[in-house]
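Examining the three-dimensional arrangement
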Amino acid sequence: MATVLAFHAHPDDEVLLTGGTLVHLSARGHRVVIVVACDGAVEAPNGRLDEFRASAAILGAARAEHLGYADSGHGLLLYPDPPGRTRFARADPAEAAARLAALIREENASLLLSYDSRGGYGHRDHVKVHEVGALAARRTGVPVLEATVPTELAVAGSAVLRALRLARFSDDEARAAGTPYRKITYRLDVRRYAAVKQRALAAHRTPANGNRRSSRLFRLAGRMPVPVFRVLAGHEWFIDPGVTPGLGSNCRKLKD
């Protein structure tokens, strides 16, 4: 059996982008390790690492680690570093990659899950995950798969969210998100794990308890009937940087 290390930006990203995949791997006896770069303290003064660890346990992870950085937040303004920590956007890529590479070597990981070059939707912490993940993979020689979403799906989804007044993503923002279908290497059907994925998402109480539109969307995702959630969150997508683009029918590298 193999060890797979999933590298994410913030608490809850592990569910949204790879939750079903991680359950899939754990259910087949593989060791799953999840690492988040940031602590989630933008939304909660004391961070959200307890929520992250609870979520990781639900997903079947054997280990959940924080790389040691602070959230960088949204918008044009990057706030000063909090006491004793560096915002991930300011982190030295070589230093962050060294921390991640140490965990990869310690776990003798056979596969690294990271993000596409856009970081999914352009958030600076997500883009940094791609940069740091790619560098750590080169240093350790571990294969990497980059989590993504189809751009076409992002465009369709943003239109629905605007109609329901749950989000304000513009068409231009949606078109800049994810990866076009033709460039995605693998798709994994995770519909059988929808209920587990939804429970892991519900472990992240902080984002659901706010008053923002994103909080409403988070609450809706956690409370909708499982069959509906299964339709909306039943597939996960990955790019293999070493494979010629072309949508696969299954995530064969993760299947066994």
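Above this note sits the structure.
Reference entry: report on the structure contained in this document. (Residues numbered from 1 in each chain as written. Predicted model: local features only at pLDDT ≥ 70, side-chain atom pairs only at ≥ 80, totals over all residues. Heavy atoms only, no water.)

Before going further, it helps to examine the nonpolar core. Counting 61 residues, the largest nonpolar core has Leu-5, Phe-7, Phe-88 and Leu-100 as its most contacted members. Among residues more than four places away in sequence, those in contact with Leu-100 are Leu-5, Phe-7, Val-35, Leu-67, Val-132, Gly-133 and Ala-136. (Core = buried A, V, L, I, M, F, W, Y, C linked by side-chain atoms within 4.5 Å. Buried < 20%, exposed > 50% of the residue type's maximum accessible area, 1.4 Å probe, protein only. Contact = heavy atoms within 4.5 Å.)

Considering all chains together, one arrives at 1 aromatic pair under this definition. Consider the rings of Tyr-69 and Phe-88, whose centres lie 5.3 Å apart with planes at 45°: the pair is tilted. With Tyr-69 in strand S3 (residues 63-69) and Phe-88 in the loop between S3 and helix H3 (93-107), the pair connects residues that are 19 residues apart, well separated along the chain. An identical accessibility class is assigned to Tyr-69 and Phe-88; each is buried. A cation sits over an aromatic face here: Lys-128 above Phe-88, 5.7 Å from the ring centre. (Phe/Tyr/Trp six-rings, centres within 6.5 Å; stacked < 30°, edge-to-face > 60°. Helix = DSSP H or I, 4+ residues; strand = E, 2+ residues; numbered from the N terminus. Lys NZ or Arg CZ within 6 Å of the ring centre and 35° of its normal.)

Applying the stated criterion across every chain yields a total of 12 salt bridges. With a closest N to O distance of 3.0 Å, Asp-12 and Arg-48 form a salt bridge. Of this pair, Asp-12 sits in the loop between strand S1 (3-8) and helix H1 (13-27) while Arg-48 sits in the loop between strand S2 (31-38) and helix H2 (49-58), placing them 36 residues apart in sequence. Arg-48 carries the same exposure label as Asp-12, and that label is buried. For Glu-106, the salt bridge is made with Arg-63, and the minimal N-O distance between the two is 3.0 Å. In this pair, Glu-106 is assigned in helix H3 and Arg-63 in strand S3, connecting sequence segments 43 residues apart. When salt bridges that share partners are traced, they join Arg-31, Arg-63, Glu-65, Glu-106 and Glu-107 into one network. (Salt bridge = Lys/Arg side-chain N within 4 Å of Asp/Glu carboxyl O.)

If you trace the 7 strands from one edge of the open sheet to the other, you get S3-S2-S1-S4-S5-S7-S6, paired in mixed fashion. Pairing within the sheet leaves two strands with one partner each, and these edge strands are S3 and strand S6 (186-189). Each neighbouring strand pair of the sheet contributes to a mean axis angle of 25°, computed without reference to strand direction. Sheet analysis places S1 next to S2, joined by 6 bridges and oriented parallel. The residue bridging Leu-5 from the neighbouring strand is Val-33, located in S2. The strands touched by H1 within the sheet are S1, S2, strand S4 (111-115), strand S5 (144-148), S6 and strand S7 (235-239), with S7 carrying the most contacts at an inclination of about 95°. (Pairing = 2+ DSSP bridges. Axes fitted to C-alpha atoms, helices over the stretch in contact; angles between N-to-C directions.)

Taking 1.5 Å per residue, 17 residues should reach 24 Å; helix H4 (residues 124-140) reaches 24 Å between its end C-alpha atoms and fits that length. The complete set of buried residues in H4 reads Asp-125, His-126, Lys-128, Val-129, His-130, Val-132, Gly-133, Ala-134, Ala-136 and Ala-137. Count one or two residues on from H4 and you reach Gly-141, which has phi positive near 80°. (Expected span 1.5 Å × (residues − 1).)

So, about the pairing of S2. Within a regular beta strand, the side chains point alternately toward one face of the sheet and then the other, so they alternate between its two faces. Summarising burial for S2: 7 of the 8 residues are buried, a large majority. The β-α-β motif built from S1, the intervening H1 and the parallel element S2 has right-handed crossover chirality. Both S2 and S3 contribute to a ladder of 5 bridges, which runs parallel. Bridged to Val-36 within S3 is His-66. (Right-handed = clockwise from strand over helix to strand, strands pointing away.)

We now examine a nonpolar patch on the surface. A contiguous nonpolar patch, built from Val-228, Val-231 and Leu-232 and spanning about 310 Å² of accessible area, is present on the exposed surface. With respect to the helices and strands, the residue Leu-232 is situated in helix H10 (residues 226-232). According to the relative accessible area criterion, Leu-232 is exposed, its value standing at 63%. (Patch = residues over 30% accessible without salt bridge, like charges linked within 9 Å, V, L, I, M, F, W, Y side chains within 5 Å. Areas by Shrake-Rupley, 256 points an atom, 1.4 Å probe, with all protein chains shown as cover.)

Turning to unusual backbone geometry, a few remarks are in order. Not every positive phi belongs to a glycine, and Asp-12 is a case in point at roughly 100°. For Asn-108, which is not a glycine, the phi torsion comes out positive at approximately 50°. Topologically, Asn-108 is positioned in the loop between H3 and S4.

Moving on to the environment of Leu-5. As for its placement among the helices and strands, Leu-5 is situated in strand S1. The class for Leu-5 is buried, based on a relative accessible area of 0%. Residues Leu-5 and Val-35, spaced 30 residues apart in sequence, show a C-alpha to C-alpha distance of 7.3 Å. Discounting chain neighbours no more than four positions away, the residues touching Leu-5 are Val-33, Val-35, Leu-100, Leu-103, Ile-104, Ala-109, Leu-111, Leu-112 and Leu-113.

Bear in mind that shape data such as this cannot, by itself, settle questions of function.
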